[in-house]
Amino acid sequence: MSQSGARGRLAPVSITFVASLAARLRDLELRTRPEHPDLTAALARRWEELPAHVKTRNQMLGRRTAGCEGTHGVFPRCNLACTPCYHSREANRVRTDGEHTVREVERQMAYLRAERGPGQNAQLIGGEVTLLEADDHAGALQAMIDHGRKPMSLSHGDFDYDYLQALALDPATGKPRFRHLSFAGHFDSMMYGRRGIKAPESEPALNPYRARFCEMFARLEREHGVTHYLAHNMTVTPANVDQVPQVIRDCREMGFRMFSFQPAAFIGNTSRWKHEYREFSTDEVWRRIEEGAGARLHWGAFQIGDPRCNRTAYGAYAGDRYVPLLDEDDERDARVLDDFVAAFGGMDFVAPTGVLATRVVRGLARHPRAIAGAAGWGRRFAARAGGLRALARQRPQALTYVMHAFMDADKVKPAWELLRRGELSDEPAIRETQERLQACSYAMAHPDSDELVPACAQHSVLDPQENVRLQERLPLLELPMA
Ligand code: SF4
């Protein structure tokens, strides 16, 4: 065989090999970047759109995250009754239909991936997610993961271990189909119809149900190695605001990693509005959260969107002491945050070890000052926790406190309609609502109209029409709930 003949046959193979190697290297380079370029572009757009009043040094929207996301119109029905309920009256007239859910989740997530890049937190939310068959629930979660979302299922928690197991395990192999599940369990005494406790008389009466919820996930991890992240959601009204500290104290060690409180708002089903929700301010709610946490909570260290909508305090318990991740009064901690964002931006820290290590190295290489800052922060955090010995004695348990204050529909409707026409209101309450909507950190996807809609506008304006349409497409075969 002549040399030239051999070269002639090898050349196409070599070209294919080189092309595939180059593609793999490009992919590796992309995966190990601190920030995917699509996310960089999405964050820049989000920052650009934000109103000036939230472009503060501690603002994470548009710098670290594009914001949270939620599904809508995918399974509107719920089998509990809450006062208040943020879903429209028509929601319970729509049949839960797995095929519809997975198809719509797929469409919404594809839009979110295109608009907001990868790695964002998305809630599988609407009515009650566990009314879906476990396989459909799993299909929806998989669609979210496939589109680069980090899904969290929002449930009232009134389901059994068998359901959780069926969700987590592949029915064909009996092996886990997810390595990790995130759930938010909504528990409060304004929820009626829970099995075993149809009408809770107090928040502590629900504690066995909260514990049962956490225990199911602990068992799933013990038996199948599927890890979990659990959040506790609670609506706050004049009826239970004084019980907030007790809930935190009683449930802090059950296994929740986040306690999120939503002061009630006048949105959704008007027949479910039972109290004068504006009797107390969000400051008062926060004071009770701090009372339960047993510490001042440094929510000013980080901001996600508008402070009138969101407060988030990151920290950890070292024994009984709650230690803030960053001290909002310490300029050195503020600089640590500046450096962290400059180095890592929206970097996703959940990645295989090798990919994560390379991302960290590349992030630090682009902003080396973050290294010295991190060392100083570590010393201060240890001192706040009572010293290295205290930390060694008891591993700190991370716990996040959140307050999310939705707005009333009578303000959101006019504010949203004006915003869509590009107009700002002169009426102070409507203008304030517009400012908050513009800085919204919780969006829902509308691929058909090419829009991202704040959850407040979704519930106040769009849900009722959407559910009327869904009611026709997915009529209920049984009697609706009131
Ligand atoms: S505008 Fe509404 S949905 Fe958006 S962050 Fe504020 S309260 Fe939440």
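Residues numbered from 1 in each chain as written. Predicted model: local features only at pLDDT ≥ 70, side-chain atom pairs only at ≥ 80, totals over all residues. Heavy atoms only, no water.

## Considerations on a nonpolar patch on the surface
There is a patch of nonpolar side chains on the surface, built from Phe 17, Val 18, Leu 21, Leu 25 and Leu 28 and spanning about 490 Å² of accessible area. Checked against the element boundaries, Leu 25 lands in helix α1 (residues 3–31). (Patch = residues over 30% accessible without salt bridge, like charges linked within 9 Å, V, L, I, M, F, W, Y side chains within 5 Å. Areas by Shrake-Rupley, 256 points an atom, 1.4 Å probe, with all protein chains shown as cover. Salt bridge = Lys/Arg side-chain N within 4 Å of Asp/Glu carboxyl O. Helix = DSSP H or I, 4+ residues; strand = E, 2+ residues; numbered from the N terminus.)

## Points about the nonpolar core
One broad rule of soluble globular proteins: the nonpolar side chains tend to lie buried together. Leu 164, Leu 181, Phe 213, Ile 289 and Tyr 401 are the most contacted members of the largest nonpolar core, which has 58 residues in total. If one sorts the elements of this core by residue count, helix α4 (residues 134–146) sits on top with 6 residues. Excluding its chain neighbours within four sequence positions, the residues that come into contact with Phe 213 are Gly 157, Phe 159, Phe 183, Ala 184, Gly 185, Phe 187, Leu 230 and Phe 256. Among the nonpolar cores identified, the runner-up in size contains 30 residues, and Ile 125, Met 152, Ile 267 and Trp 416 belong to it. (Core = buried A, V, L, I, M, F, W, Y, C linked by side-chain atoms within 4.5 Å. Buried < 20%, exposed > 50% of the residue type's maximum accessible area, 1.4 Å probe, protein only. Contact = heavy atoms within 4.5 Å.)

## Considering the pairing of strand β3 (residues 120–124)
Residues in a regular strand point their side chains to alternate faces of the sheet. Among the 5 residues of β3, 4 are classified as buried, and the element is accordingly described as predominantly covered. Sheet analysis places strand β1 (residues 68–70) next to β3, joined by 2 bridges and oriented parallel. Among the inter-strand pairings, Gly 70 is bridged to a residue of β3, identified as Gln 123. As paired elements, β3 and strand β4 (residues 149–155) share 5 bridges and run parallel to each other. Note that in β4 the partner of Ala 122 across the bridge is Pro 151. Crossover connection from β3 via α4 to parallel β4: handedness right-handed. (Pairing = 2+ DSSP bridges. Right-handed = clockwise from strand over helix to strand, strands pointing away.)

## Here's the deal with unusual backbone geometry
Omega for the bond connecting Thr 83 with Pro 84 falls within 30 degrees of zero, at 5°, which places this linkage in the cis form. Its location among the elements puts Pro 84 in the loop between β2 (81–82) and α3 (98–116). Unusually for a residue other than glycine, Asp 450 sits at a positive phi of about 55°. Position of Asp 450 among the secondary structure elements: in the loop between β12 (442–446) and β13 (451–454). For Asp 450, a relative accessible area of 52% corresponds to the exposed category.

## Quick word on the site of the ligand
Residues in contact with the ligand, as listed here, are Cys 309, Asn 310, His 404, Ala 405, Phe 406, Met 407, Arg 436, Leu 437, Cys 440, Ser 441, Ala 455 and Cys 456. Within the residue set of the shell around the ligand, elements represented by two or more residues are α14 (428–438) and α15 (455–473). Each residue belonging to the shell around the ligand can be placed in one class, and the counts come to 8 nonpolar, 3 polar and 1 charged. (Near = heavy atom within 4 Å. Nonpolar A, V, L, I, M, F, W, Y, C, P; charged D, E, K, R; others polar.)

## Quick look at the packing of aromatic side chains
Within the structure shown, the criterion is met by 19 aromatic pairs. Ring geometry for Phe 183 versus Phe 217: centroids 5.0 Å apart, planes at 55°, classification tilted. Highlighted residues: Phe 183 in strand β5 (residues 180–186) and Phe 217 in helix α6 (residues 207–224), separated in sequence by 34 residues. Across the pair, Phe 217 and Phe 183 agree in class, each one buried. Look at Phe 344 and Phe 349: their rings are 5.5 Å apart centre to centre, the planes differ by 75°, and that puts the pair in the edge-to-face class. Among the residues examined, Phe 344 registers a relative accessible area of 7% and is labelled buried. An aromatic cluster is present here, built from Phe 159, Tyr 163, Phe 183, Phe 187, Phe 213, Phe 217, Phe 256, Phe 259, Tyr 317, Tyr 322 and Tyr 401 joined pairwise through their rings. When the ring centre of Tyr 161 is taken as origin, the NZ or CZ atom of Arg 219, which lies over that ring, is 3.8 Å away. One Lys or Arg, Arg 252, reaches over the ring of Tyr 317 and ends 3.7 Å from the middle of that ring. (Phe/Tyr/Trp six-rings, centres within 6.5 Å; stacked < 30°, edge-to-face > 60°. Lys NZ or Arg CZ within 6 Å of the ring centre and 35° of its normal.)

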